[in-house]
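Breakdown of the fold
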Amino acid sequence: MTQIPRKEIYRYLGYRGIAPSEEVAGRIEACVSRLLSVSSPRSVFRYFPLSFPAEDEILAGEVLLRSANLSKNVRGCSELCMMAVTIGQGVDLLIRRSEITSMLDAAIYQAAGAAYVEAVCDEVNLKIKEEAAARGLFCRPRFSPGYGDLSLQYQKDLFRVLDITRNIAVSLSDSCLMTPSKSVTALVGLSRTEKNCSLQGCEACSSSADCPYRRDS
């Protein structure tokens, strides 16, 4: 089972340079246990040939994406992997119930759910990295719709080409928000040029300041 990094839960809860009290830490552990018991992680991903028809345009299969940030991120790549991950609707139910009974628990479930779905994304990303390596390719940092100048509207394209609703039971609203809420879509560029990128992305990389592939450069 995927482990939820406690330091990420603490970070989402707003702890900076301090640890939660023993009482709060105990509540976190109890909430994490319940969250794991109701979660059902699922994922889907596919690879598409990548080309660049114009400046700041990326063509992945039949999907045309317009984004200066993404274009920099995947410059030099020959393929784009589209991925989607969810931890299921059980977490949303826990959050809604706790908003009535305990706002502390609700906040913990929000934080733990966010940390958990990112941890599952890391595992899927690692599988993509391993498959890419077997073909002599290397992964760039994953990049999600809604980040930088990549419109959230591109969620619709990912849902269509990955058949996300059928494959992992995630739905998309008219405003491009996903249900269950603890779900993620992302794009990963694959190239023959090695760049030792962190699975967690640019924010976790010590050399991202001067990296030409930085997501928001």
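This text goes with the structure placed above it.
Heads up: these notes are all about the structure in this document. All figures in this text were calculated on a predicted structure; none of them were measured in a lab.

**Quick word on the overall build of the protein chain**
Scanning the protein chain from N- to C-terminus turns up 7 helices and 8 strands. Out of the 217 residues belonging to the protein chain, those deemed buried represent 48%. Counting contacts in the protein chain only where the partners sit at least 6 residues apart, residues at least 24 apart contribute 72% of the total. Taken as a whole, the protein chain presents about 10700 Å² of accessible surface, with 51% of it coming from carbon and sulfur.

**Details of the packing of aromatic side chains**
Summed over all chains, the structure comprises 3 aromatic pairs. Between the NZ or CZ atom of arginine 11 and the centre of the ring of tyrosine 12, over which it lies, the distance is 4.8 Å. Its guanidinium or amino end placed over the ring of tyrosine 47, arginine 135 lies 5.2 Å from that ring's centre, counting from NZ or CZ.

**Digging into the pairing of strand 8 (residues 183–191)**
With 9 of 9 residues buried, strand 8 is to be regarded as a mostly interior element. Side-chain alternation along strand 8 places Ser183, Thr185, Leu187, Gly189 and Ser191 on one buried face and Val184, Ala186, Val188 and Leu190 on a second face that is also buried. In terms of strand pairing, strand 4 (residues 79–86) meets strand 8 through 8 bridges, oriented antiparallel. Its bridge partner being in strand 8, alanine 84 is matched across the sheet by threonine 185.

**Focus on the state of the cysteines**
What the rule picks out here adds up to 0 disulfides. Cysteine cysteine 81 shares no disulfide, and the gap to the nearest cysteine sulfur, in cysteine 139, comes to 7.5 Å. Residue cysteine 81 is classed as buried on the basis of its relative accessible area, which comes to 0%.

**With respect to the packing of helix 2 (residues 22–38) against helix 4 (residues 90–101)**
A pair of packed helices can be characterised by two numbers: the angle between their axes and the separation between those axes. Close contact between helix 2 and helix 4 brings their axes to 8 Å; oriented N to C, the two are set at 140°. It follows that helix 2 is oblique to helix 4 by the angle criterion. Of the residues in helix 4, those touching helix 2 at Arg34, Leu35 and Val38 are Gly90, Val91 and Leu94. Its residues placed into classes, the contact of helix 2 with helix 4 shows 4 nonpolar, 1 polar and 1 charged.

**As for the nonpolar core**
Core analysis: the largest hydrophobic core is formed by 33 residues, its most contacted members being Ile9, Leu35 and Met83. Element by element, the count of residues in this core is highest for helix 5 (residues 103–134), at 12 residues. Here isoleucine 9 is in contact with Ile4, Ile28, Val32, Ala111, Ala112 and Ala115, once residues within four sequence places are set aside. Ranked by size, the runner-up nonpolar core spans 25 residues in total, among them Leu50, Val63, Ile168 and Val170.

About the thresholds
Residues numbered from 1 in each chain as written. Predicted model: local features only at pLDDT ≥ 70, side-chain atom pairs only at ≥ 80, totals over all residues. Heavy atoms only, no water. Helix = DSSP H or I, 4+ residues; strand = E, 2+ residues; numbered from the N terminus. Buried < 20%, exposed > 50% of the residue type's maximum accessible area, 1.4 Å probe, protein only. Contact = heavy atoms within 4.5 Å. Areas by Shrake-Rupley, 256 points an atom, 1.4 Å probe, with all protein chains shown as cover. Phe/Tyr/Trp six-rings, centres within 6.5 Å; stacked < 30°, edge-to-face > 60°. Lys NZ or Arg CZ within 6 Å of the ring centre and 35° of its normal. Pairing = 2+ DSSP bridges. Disulfide = S-S within 2.5 Å. Axes fitted to C-alpha atoms, helices over the stretch in contact; angles between N-to-C directions. Parallel < 35°, antiparallel > 145°, perpendicular 65-115°, else oblique. Nonpolar A, V, L, I, M, F, W, Y, C, P; charged D, E, K, R; others polar. Core = buried A, V, L, I, M, F, W, Y, C linked by side-chain atoms within 4.5 Å.

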